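Descriptive structure summary
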Amino acid sequence: MLFPQRLPIHRFILIGALLAAAPCVSLATTPSTPSEATRRAIGHDVQAQIDTGRLNGVAVALVSHGKIVWEQGFGTADPAGRKVTAHTPFSIASTSKPFTTTAMMTLVAAGKIDLDHPANDYLGKHKIVDADGPVNAVTPRLLATHLSGLPSLFAMYPEGGAARQPSVDTLLRDYGFLNAPPGEHYEYSNLGMAVLADIVARRAGMEYGRYLRKAVLDPLGLHDSFFDTDVARRQTMAVRYTNDGRPMPFYLTATPGSGEVIASVHDLARFAMFHLKDHLADQQPILTDAQIDLLHQPYAHLPGFGYGMGWEVSHDPSGHTVLSHGGGQTGVSVEFVLLPWADAACIVASNRQSDLDFLQRVRDRLLRTVAPDWTTLPRPPVPRHEGLPADYAGTWRGTLTAQGQQIPATLTIDAAGNGTFALRREPAQAVSDFGLADGWIAGGTSGDLGTPDTRRAGLTQLDFTLKRRGERIEGEIDAWKRTSDGITILPFWTSLTRVK
């Protein structure tokens with residue numbers, strides 16, 4: 001199933017033990033600057049995509065050895081024709097996650113958050129739960145690395161719409177069920193990152209956006225950037241456009257701490273230099289180098305990919321560590337890549353989630369000007385698909401749980417590994433693409449879950465991420481919908497027992 005953020009992976013089994021990133025040393029210290037011919041060629045190609053209507057506004061920035069060696073804007077930031085510059089704030093979607101974990105780490109440094117303390121102790125009325133109730137094994141470290149067991153979740157709330165953005169406490173009440181034991185399973189979880197931001201706000205004693213400004217944005221000199229709660233500054237940002245090029249009203253998401261920083265490419269370049277430990281004279285040392293390294297250390301280990309605390313960690317063909325975190329949702333596409341071994345970084349931002357291959361090629365062309373051997377970010381590994389074993393055959397009954405409702409469900413698997421799925425007493429629907437994906441039961445079907453949120457969003461498509469555990473099948477069934485105007489993914493904790 002397609003997830004809103006541009007990430008190398010959605011769901012994979014956690015493999016391997018904790019692996020420290022190999023240290024990388026850049027021997028050259030003179031900043032590399034793209035030639036005038038290179039800048040003209042890239043600029044010409046970007047403008048051509050804008051002129052043909054495939055893109056609206058684009059900004060780029062390139063960092064080399066503690067300096068921004070090129071930054072430029074192209075196209076327009078809104079329907080009135082306001083020009084994009086390197087200082088135009090863009091919605092950066094999931095590229096917000098390194099900001100959230102950086103804010104968290106400032107409170108770790110201050111002794112206000114313990115990375116390995118039960119997260120529930122830091123939360124409000126509603127807690128992270130499993131079938132037995134509140135869970136003590138989920139920690140800030142597991143939330144920051146997508147190993148908590150919390151599910152995927154994404155929803156949009158346009159300005160002027162009927163629905164309002166829920167609080168994190170409400171999200172935990174409605175969707176805060178673990179779909180796997182903590183630490184067992186990597187699942188990219190916007191909900192988990194939103195919970196982490198809520199912990200930051202509670203431990204800081206102030207609204208999250210205010211603390212982010214005080215502890216991260218201002219000390220690092222990120223003056224173009226702000227969090228979505230800074231309402232007065234929204235008019236400065238690049239308007240988001242639908243995939244087919246229509247301007248969108250401003251919208252919030254269900255999980256603000258996971259994706260609601262608004263930043264210019266200039267500021268993202270400065271943020272990258274902080275994480276590259278360039279020690280700029282006009283940036284305050286809000287973290288030590290060792291604390292920065294801790295954020296970059298991979299905890300989730302998957303084929304060709306790792307995830308630190310808010311950072312994707314991969315390696316180029318020479319074995320050099322690459323840090324990145326892209327962002328993508330309706331009206332947003334961001335490429336954010338750091339090469340610590342070359343002391344270099346590249347940012348590409350667009351206010352439209354289209355022409356993604358082109359934007360990634362621009363990213364790679366820019367990086368090759370400062371790291372000539374650069375090729376591209378590694379492609380995500382393809383899940384290993386296989387049919388269901390014969391002993392999965394049978395009738396499995398139980399419930400889907402969310403928003404205070406328990407919805408009866410029946411999954412029937414025949415001897416050939418085909419499946420049907422029924423909600424309540426409704427007719428059973430065939431399950432397509434049914435089988436195992438890296439050991440997890442995967443497939444898609446349709447059904448009306450009938451909860452307030454699914455009815456409001458018109459969700460009838462269902463996607464399985466389930467695990468057999470003895471005579472039970474447990475995990476997550478997502479109700480989802482995607483159009484050119486947006487995407488919604490809502491998770492339902494699922495527990496089924498074999499009855500025959």
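Preceding this paragraph is the structure being described.
Before going into details, it helps to say that this report is about the structure given with it.

Of regular secondary structure, the protein chain possesses 11 helices and 28 strands. Computed over C-alpha atoms, the radius of gyration of the protein chain comes to 22 Å, within 12% of the 23 Å expected from 2.2 N^0.38 for 500 residues, which places it in the range of a compact globule. Oriented by its inertia axes, the alpha-carbon framework of the protein chain measures out at about 70 × 50 × 45 Å. For the protein chain, with 500 residues in total, the buried portion stands at 61%. Surface exposure of the protein chain reaches about 18700 Å², of which carbon and sulfur atoms provide 52%. Separation of charge centres in the protein chain, based on 46 positive and 50 negative side chains, amounts to 3 Å.

Moving on, we come to the side chain of Thr494. Topologically, Thr494 is positioned in strand 28 (residues 486-498). Classification of Thr494 as buried rests on a relative accessible area of 0%. Polar side-chain contacts of Thr494 include one of 3.1 Å to the backbone oxygen of Phe492. Among all residues touching Thr494, those that are not within four sequence positions of it are Thr399, Leu400, Leu466, Ile473, Glu474, Gly475, Glu476 and Ile477.

The next subject is the environment of Asp448. Relative to the assigned elements, Asp448 resides in the loop between strand 25 (440-446) and helix 11 (452-457). Expressed as a C-alpha distance, the spacing of Asp448 and Thr170, which sit 278 residues apart in the sequence, is 22 Å. Those residues in contact with Asp448 that lie beyond four places of it in its chain are Leu423, Arg424, Glu426 and Arg455. Only 3.0 Å separates the side chain of Asp448 from the side chain of Arg455, close enough to count as a polar contact.

Read across the open sheet, the 10 strands follow the order 19-24-25-26-27-28-20-21-22-23; overall the sheet is antiparallel. In this open sheet, the two strands that pair with only one neighbour each are strand 19 (385-386) and strand 23 (429-430). Pairing of strand 19 with strand 24 (residues 432-437) involves two bridges; the strand directions are antiparallel. Its bridge partner being in strand 24, His385 is matched across the sheet by Ala437.

For the rest of this paragraph, the subject is the packing of aromatic side chains. All chains considered together, the criterion is met by nine aromatic pairs. An angle of 20° between the planes, with centres 6.4 Å apart, marks the rings of Phe271 and Phe336 as stacked. You can see Phe271 sitting in helix 8 (residues 265-275) and its partner Phe336 sitting in strand 17 (residues 332-339), a full 65 residues away along the chain. Here Phe271 and Phe336 have matching classes, each one buried. A network of ring pairs unites the aromatic residues Phe99, Phe271, Trp311 and Phe336 as a single cluster. Sitting above the plane of the Tyr251 ring, Arg240 keeps its charged end 3.8 Å from the centroid. We note Arg468 situated over the ring of Tyr392; from NZ or CZ to the ring centre the distance is 5.0 Å.

Scanning the model with the defined rule gives 24 salt bridges in all. As a salt-bridge pair, Arg246 and Asp244 come within 3.2 Å of each other at their nearest N and O atoms. Taking the relative accessible area as the measure of exposure, Arg246 reaches 36% and is therefore partly exposed. Since its relative accessible area comes to 46%, Asp244 is described here as partly exposed. Salt-bridge contacts for Arg270 lead to Asp282; the nearest nitrogen and oxygen are separated by 3.2 Å. A residue pair is termed long-range when its members are at least 10 positions apart, and Arg270 in helix 8 and Asp282 in the loop between helix 8 and helix 9 (289-296) qualify at 12 residues. Judged by relative accessible area, Arg270 falls into the buried class, the value being 10%. Where salt bridges share partners, they join Asp391, Arg468, Glu471 and Arg498 into one cluster.

Bringing helix 1 (residues 36-51) into the picture now. With 16 residues, helix 1 should reach 22 Å at 1.5 Å per residue; the first-to-last C-alpha distance of 22 Å fits that figure. Three or more residues of helix 1 are buried, namely Ile42, Gly43, Val46, Gln49 and Ile50. Take helix 1 and look down its axis: the buried residues cluster within an arc of 120°, on one side only. Exposed and oriented more than 90 degrees from the buried face of helix 1 are Arg40, His44 and Asp51. Structurally, helix 1 contributes buried residues whose contacts are with strand 2 (57-64), strand 3 (67-75) and helix 10 (356-370). Downstream of helix 1 by one or two residues, Gly53 has phi in the positive range, about 85°.

Another point: the packing of helix 2 (residues 97-109) against helix 8. A pair of packed helices is captured by two measures, namely the crossing angle of their axes and the spacing between those axes. Interaxial distance between helix 2 and helix 8 falls to 12 Å at its minimum, and their mutual angle equals 50°. Comparing their axes, helix 8 and helix 2 come out oblique. Read as a crossing pair, helix 2 and helix 8 show a hand that is left-handed. Along the contact surface, helix 2 presents Pro98, Phe99 and Thr102, while helix 8 presents Leu268, Phe271, Phe274 and His275. Within the contact of helix 2 with helix 8, the residues separate by chemical class into five nonpolar, two polar and no charged.

Our next topic: the nonpolar core. Ranked by internal contacts, the top residues of the largest apolar core, which has 125 residues, are Phe99, Met104, Ile128, Val195, Leu411 and Phe421. Counting residues per element, this core draws most heavily on helix 5 (residues 190-204), at 10 residues. Trp341, Ala342, Phe358 and Ala371 belong to the second-largest nonpolar core, a separate cluster that totals 27 residues.

Here we come to unusual backbone geometry. For His146, which is not glycine, the phi dihedral falls at a positive 60°. Looking at the element boundaries, His146 is found in the loop between helix 3 (140-144) and strand 7 (156-158). The phi angle at Asp355 is positive, at roughly 55°, despite the residue not being glycine. Note on placement: Asp355 falls in the loop between strand 18 (344-350) and helix 10.

Moving on, we get to the side chain of Ser96. With respect to the helices and strands, Ser96 occurs in the loop between strand 4 (90-91) and helix 2. When its relative accessible area of 1% is taken as the criterion, Ser96 is described as buried. At a separation of 2.7 Å, a polar atom in the side chain of Ser96 contacts the main-chain carbonyl oxygen of Ala93. Those residues in contact with Ser96 that sit more than four places away from it in its chain are Ser258, Gly259, Glu260 and Val261.

Definitions and cut-offs
- Residues numbered from 1 in each chain as written.
- Predicted model: local features only at pLDDT ≥ 70, side-chain atom pairs only at ≥ 80, totals over all residues.
- Heavy atoms only, no water.
- Helix = DSSP H or I, 4+ residues; strand = E, 2+ residues; numbered from the N terminus.
- Rg over C-alpha atoms; globule rule 2.2 N^0.38 Å.
- Buried < 20%, exposed > 50% of the residue type's maximum accessible area, 1.4 Å probe, protein only.
- Areas by Shrake-Rupley, 256 points an atom, 1.4 Å probe, with all protein chains shown as cover.
- Lys, Arg positive; Asp, Glu negative; His and termini not counted.
- Charge placed at Lys NZ, Arg CZ, Asp CG, Glu CD.
- Polar contact = N/O pair within 3.5 Å; in protein donor to acceptor, adjacent residues only side chain to side chain.
- Contact = heavy atoms within 4.5 Å.
- Pairing = 2+ DSSP bridges.
- Phe/Tyr/Trp six-rings, centres within 6.5 Å; stacked < 30°, edge-to-face > 60°.
- Lys NZ or Arg CZ within 6 Å of the ring centre and 35° of its normal.
- Salt bridge = Lys/Arg side-chain N within 4 Å of Asp/Glu carboxyl O.
- Expected span 1.5 Å × (residues − 1).
- Arc of directions from axis to C-beta.
- Axes fitted to C-alpha atoms, helices over the stretch in contact; angles between N-to-C directions.
- Parallel < 35°, antiparallel > 145°, perpendicular 65-115°, else oblique.
- Left-handed = near helix turned anticlockwise from the far one by under 90°.
- Nonpolar A, V, L, I, M, F, W, Y, C, P; charged D, E, K, R; others polar.
- Core = buried A, V, L, I, M, F, W, Y, C linked by side-chain atoms within 4.5 Å.

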